[in-house]
Amino acid sequence: MSTLGVGVVGCGVISEIYLANAALFPQIELRAVADLNPEAAQAKSKAHGVPAMTPDELMAHDDIDIVLNLTIPAAHVEVGLAALEAGKHVYSEKPLAGSTAEARQLVEAAEVRNLQIGCAPDTFLGGAHQTARALLDAGHIGRPTAGTATLMLPGHERWHPNPDFYYAGPGAGPLFDMGPYYITAMIALLGPVRRVMAMAACGRDSRIIASGPRAGESVPVETPTHVTGVMEFASGALVQLVTSFDVRAHGHAPLELYGTEGSLAIPDPNRFDGTVKLFQENWMDQPTTHAHGDGNYRGLGLAEMATAIMAGRPHRASGTLALHVLEVIETLLTSAECGEAIALQTTCERSPAMKAGGKIGEITAMEAA
């Protein structure tokens, strides 16, 4: 077998980039789309030339090996469990689940059935972040001792016509929204987190929608909108994390990593591209040494998982990694409430680096160096 069949459940906005990118990766073949809204599935079917089905029909289809779960976060567990019970591997958009307990249920269900479960973000597999990983592994900054991860914005109500869910209680806010990208990127570089400590605040109790038909309408804020904390990694490195919807502008790099011999400035972990900078005697731009660093390659993690399934090895954007990231997020918020450092209960392996070079879509380009 050289190709695995993929069925997409959830035909919302995020599905378009996955559907468009599927053709880039010979490891996977798009074979069906489904949505609770038949019109949404039919629209994607027409645009991409694949059959539209109901979710139940898709789960029962014999030529679908992997269910790509692009439903809303609240449905991730239900859809994921249904796919696993149907004997399908699962790859999900982030977060894996709404809570660590639910995510653990998914991971355990996959293990019992000897199936694979994967989860976005997969941007850490892109050219920019794998270049940073290669520089780190080659010893260019010495032993990593500390770092920063910074996501600070003025708030999505400035551009989003319906921003309510960004502010609506548990599971909302900047840490749940964008934290997975930053935390995943740092874990891919440094390995698992041992414990965390945090503080949180809410800058305003309401937000005003700035665009669309609801412009001028007030949205209540029911979750912290500025969370700052420290992640202590098992390696001993300390990384400061800030996620905020309360900052109009700042001058920090998205990610920085400091070592005994130098420093790295690493691009936006919500992207696959960007320029890595290395400091030893001075800051120097580094050439991108890995594939998938010149565009938006959402779905790379899915293709790498398919490669791993066919090769009989673990994949990189794994359910175990996503579970650990989710627990880091939840524990940071718990720490902010109780004012204490809290040890993590989950862990994960530091995933193997990707091989340098390689053509887009080549299976060999995705094997460990």
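Let us look at the structure shown here. (Residues numbered from 1 in each chain as written. Predicted model: local features only at pLDDT ≥ 70, side-chain atom pairs only at ≥ 80, totals over all residues. Heavy atoms only, no water.)

### Topic: the sheet that holds strand S12 (residues 238-244)
Now for step 1: Read across the sheet, 9 strands follow the order S16-S15-S14-S13-S7-S12-S11-S8-S17 without closing on themselves; strand pairing throughout is mixed. Across the chains shown, the open sheet's two edge strands, defined by having one partner strand only, are strand S16 (283-286) and strand S17 (342-343).
Now for step 2: Where helix H6 (residues 127-137) meets the sheet, its contacts fall on strand S7 (144-152), strand S13 (255-259), strand S14 (263-266), strand S15 (276-279) and S16, and the angle it forms with S14 comes to roughly 175°.
Now for step 3: Sheet strands in contact with helix H9 (residues 319-338) are strand S8 (193-201), strand S11 (226-233), S12 and S17, and its direction is about 50° off that of S8. (Pairing = 2+ DSSP bridges. Helix = DSSP H or I, 4+ residues; strand = E, 2+ residues; numbered from the N terminus. Contact = heavy atoms within 4.5 Å. Axes fitted to C-alpha atoms, helices over the stretch in contact; angles between N-to-C directions.)

### Some points on helix H7 (residues 173-190)
Now for step 1: For H7, spanning 18 residues, the distance from its first C-alpha to its last is 25 Å, which sits close to the expected 26 Å at 1.5 Å a residue.
Now for step 2: Approximately 60° is the largest bend angle found in H7, and it occurs at Gly179, with the proline Pro180 only one to four residues beyond.
Now for step 3: The buried count for H7 comes to 18 of 18 residues, which makes it a mostly enclosed element.
Now for step 4: Count one or two residues on from H7 and you reach Gly191, which has phi positive near 95°. (Expected span 1.5 Å × (residues − 1). Bend = angle between axes of the 7 residues up to and from the residue. Buried < 20%, exposed > 50% of the residue type's maximum accessible area, 1.4 Å probe, protein only.)

### Some points on the sheet that holds strand S1 (residues 4-9)
Paired through backbone hydrogen bonds, the strands of a sheet run either parallel or antiparallel to each other.
Now for step 1: Read across the open sheet, the 6 strands follow the order S3-S2-S1-S4-S5-S6; overall the sheet is parallel. Since the sheet does not close on itself, it has two edges, and those belong to strand S3 (52-53) and strand S6 (117-119), each with one partner.
Now for step 2: Two elements, strand S2 (residues 28-34) and S3, share 2 bridges in a ladder whose sense is parallel. When the sheet's bridge partners are listed, Ala34 is paired in S3 with Met53.
Now for step 3: Along the sheet, helix H2 (residues 38-48) contacts S2 and S3; its crossing angle with S2, the most-contacted strand, is approximately 145°.
Now for step 4: Along the sheet face, helix H8 (residues 300-311) touches S1, S2, strand S4 (66-69), strand S5 (89-92) and S6 and points at about 160° away from the line of S5.

### A closer look at the layout of surface pockets
Now for step 1: A volume near 450 Å³ is recorded for the second largest pocket.
Now for step 2: Surrounding the second largest pocket, 25 residues form its lining, Pro314, His315, Arg316, Ser318 and Thr320 being those nearest its centre. (1 Å grid on protein atoms, 1.4 Å probe; cavity = no way out; pocket = protein on both sides within 12 Å on 5 of 7 lines; lining within 4 Å. Points joined across faces, edges and corners; volume = space filled by probe spheres on them.)

### Here's the deal with the nonpolar core
Now for step 1: Core analysis: the biggest nonpolar cluster contains 99 residues, and Tyr91, Ile183, Met231, Leu257 and Leu264 have the highest contact counts within it.
Now for step 2: Broken down by element, the residue count for this core peaks at 12 residues, all from H7.
Now for step 3: Membership of the second largest hydrophobic core comes to 6 residues, among which are Tyr166, Val219, Val221 and Phe245. (Core = buried A, V, L, I, M, F, W, Y, C linked by side-chain atoms within 4.5 Å.)

### Digging into empty space enclosed by the protein
Now for step 1: Within the structure shown, the criterion is met by 4 cavities of 30 Å³ or more.
Now for step 2: Put simply, the largest cavity is a space of about 110 Å³.
Now for step 3: Lining the largest cavity are 16 residues, and of these Cys119, Ala120, Pro121, Ala322 and Val325 sit closest to its centre.
Now for step 4: Secondary-structure elements contributing two or more residues to the lining of the largest cavity are H7 and H9.
Now for step 5: When residues of the lining of the largest cavity are assigned to their parent elements, the largest contribution, 5 residues, is made by H9.
Now for step 6: Each residue belonging to the lining of the largest cavity can be placed in one class, and the counts come to 13 nonpolar, 2 polar and 1 charged.
Now for step 7: Space inside the second largest cavity adds up to approximately 70 Å³.
Now for step 8: Around the second largest cavity sit 13 residues that line it, and Tyr18, Ala22, Ile28, Leu68 and Leu302 are the ones nearest its centre.
Now for step 9: At the level of elements, S1, helix H1 (15-21) and S2 are the ones that each hand at least two residues to the lining of the second largest cavity.
Now for step 10: Per-class residue counts for the lining of the second largest cavity are 10 nonpolar, 2 polar and 1 charged. (Nonpolar A, V, L, I, M, F, W, Y, C, P; charged D, E, K, R; others polar.)

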